[in-house]
Amino acid sequence: MEDFILRLEERVRNLLKDEKFDECRKIIENAMAEMPDSPIPQNLMGIVEERRFEKDKAIRHYRASYSLDPTYDPALWNLQRLGTGNISKRCAYTEKDCR
């Protein structure tokens, strides 16, 4: 499962570089169906929505991610970043991005 998550995070990051939002959404939705209790797909969907300038949708996904696992740092990082308006900080795809 860990390899799947790493590949998912990397694939989303790479697709977003090319603004392939629909493809991102499709693979994240599949991941949500396979891992409904994981905060990771919700966080990634929040990043996609944020990149699409859909702040309210992004916040909803970040909150869903946080509610699934309050110890998952990327969700909290992204919520705080958007909540404070500090969008100069980069999105947190993974725990490493929170440093």
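Our structure is the block above this text.
All of these numbers come straight from a predicted model, not from anything done at the bench. (Residues numbered from 1 in each chain as written. Predicted model: local features only at pLDDT ≥ 70, side-chain atom pairs only at ≥ 80, totals over all residues. Heavy atoms only, no water.)

Student: Tell me about unusual backbone geometry, and name the residues and values.
Tutor: For residues besides glycine, phi is generally negative; the peptide bonds are generally trans as well. Positive phi is not limited to glycine here, since glutamate 19 has a value of about 55°. On the secondary structure map, glutamate 19 appears in the loop between helix H1 (2–17) and helix H2 (21–34). Positive phi values are uncommon outside glycine, yet phenylalanine 53 reaches one of about 65°. Position of phenylalanine 53 among the secondary structure elements: in the loop between helix H3 (39–51) and helix H4 (55–68). (Helix = DSSP H or I, 4+ residues; strand = E, 2+ residues; numbered from the N terminus.)

Student: Tell me about the pattern of salt bridges, residues and numbers included.
Tutor: As enumerated under the stated definition, the model contains 5 salt bridges in all. With a shortest N-O distance of 3.2 Å, arginine 11 and glutamate 23 are connected by a salt bridge. On the criterion of sequence distance, the pair formed by arginine 11 in helix H1 and glutamate 23 in helix H2 is long-range, its members being 12 residues apart. Residue arginine 11 is classed as partly exposed on the basis of its relative accessible area, which comes to 41%. In this structure glutamate 23 comes out as partly exposed when scored by relative accessible area, which is 33%. Note that glutamate 49 and arginine 52 form a salt bridge whose closest N and O atoms lie 2.6 Å from each other. On the basis of relative accessible area, glutamate 49 is assigned to the buried category, the value being 2%. What makes arginine 52 partly exposed here is its relative accessible area of 30%. (Salt bridge = Lys/Arg side-chain N within 4 Å of Asp/Glu carboxyl O. Buried < 20%, exposed > 50% of the residue type's maximum accessible area, 1.4 Å probe, protein only.)

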